Each structure stands twice: as C-alpha cells, then as structure tokens.
Amino acid sequence: MKTIKKFFGFTVVGLMTYLMSGCVVRPTVVRPAPPIARVEVIPRKPSPRHVWVSGQYRWRRNHYVWVPGHYRRVR
C-alpha cells in the first residue's frame, strides 16, 4: 500500500512539474521606433549597370546603427 502511495505521489509531482515547465514567461523586448532616415547625397553612378540602395537604420545589439547607402551592380 505504501509503495502504491509513493508511486502515485511521485507520478503526480512529476506530472505537475512537467505541466508547469511550460508556463515559463520570457521577458518581451520592445524595440523603440527607428530614428528618421538621414538625407543622403547620391553620388554619380559608376556605370549604367549599378542601382542605388538607400541607407537605413538596422538594429544592432541594443541600439540602431545607420548603414549608409551604396551602389549595387545589377546583372
């Protein structure tokens, strides 16, 4: 009888631990809105096969970083 009570006791504790492990709440990280885009002076095209890719802010670690615009070659 004691063995059966221990078995069910351990089963209930194990089941409760398993079910409660899914209730872990992770912190939500809210990013602020990016700053207003910078005004860029677009340089002359290196060739007719290049297109301008505008600069943009990208999220790096804990803040926004400006990535300047550049020309990309189109095939």
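Keep in mind the model is a prediction, meaning the values are calculated, not measured.

### Points about the pairing of strand β2 (residues 56–60)
Then, in step 1: Sheet topology places β2 next to strand β3 (residues 63–67); five bridges connect them, and they run antiparallel. What sits directly across from W59, in β3, is Y64.
Then, in step 2: Hairpin geometry of β2 and β3 is characterised by an intervening segment of two residues between the two adjacent antiparallel strands and by a positive phi of about 55° at R61.

### Focus: the environment of P32
Then, in step 1: Mapped onto the secondary structure, P32 falls in the loop between α1 (2–21) and β1 (50–53).
Then, in step 2: Here P32 is in contact with W59 and Y64, once residues within four sequence places are set aside.

### So, the packing of aromatic side chains
Then, in step 1: This model, assessed by the stated rule, comprises three aromatic pairs.
Then, in step 2: Centre to centre, the rings of Y57 and W66 are 4.9 Å apart; their planes meet at 70°, and the pair counts as edge-to-face.
Then, in step 3: The class of W66 is buried, set by a relative accessible area of 15%.

### With respect to the side chain of H50
Then, in step 1: You can see H50 is positioned in strand β1.
Then, in step 2: Apart from residues lying up to four places away in sequence, H50 is in contact with K45, Y71, R72 and R73.

### Describing unusual backbone geometry
Then, in step 1: Of note, R61 is a non-glycine position whose phi angle comes to about 55°, a positive value.
Then, in step 2: In this structure, R61 sits in the loop between β2 and β3.
Then, in step 3: Residue R61 is classed as exposed on the basis of its relative accessible area, which comes to 81%.

Cut-offs used in this document
- Residues numbered from 1 in each chain as written.
- Predicted model: local features only at pLDDT ≥ 70, side-chain atom pairs only at ≥ 80, totals over all residues.
- Heavy atoms only, no water.
- Pairing = 2+ DSSP bridges.
- Helix = DSSP H or I, 4+ residues; strand = E, 2+ residues; numbered from the N terminus.
- Contact = heavy atoms within 4.5 Å.
- Phe/Tyr/Trp six-rings, centres within 6.5 Å; stacked < 30°, edge-to-face > 60°.
- Buried < 20%, exposed > 50% of the residue type's maximum accessible area, 1.4 Å probe, protein only.

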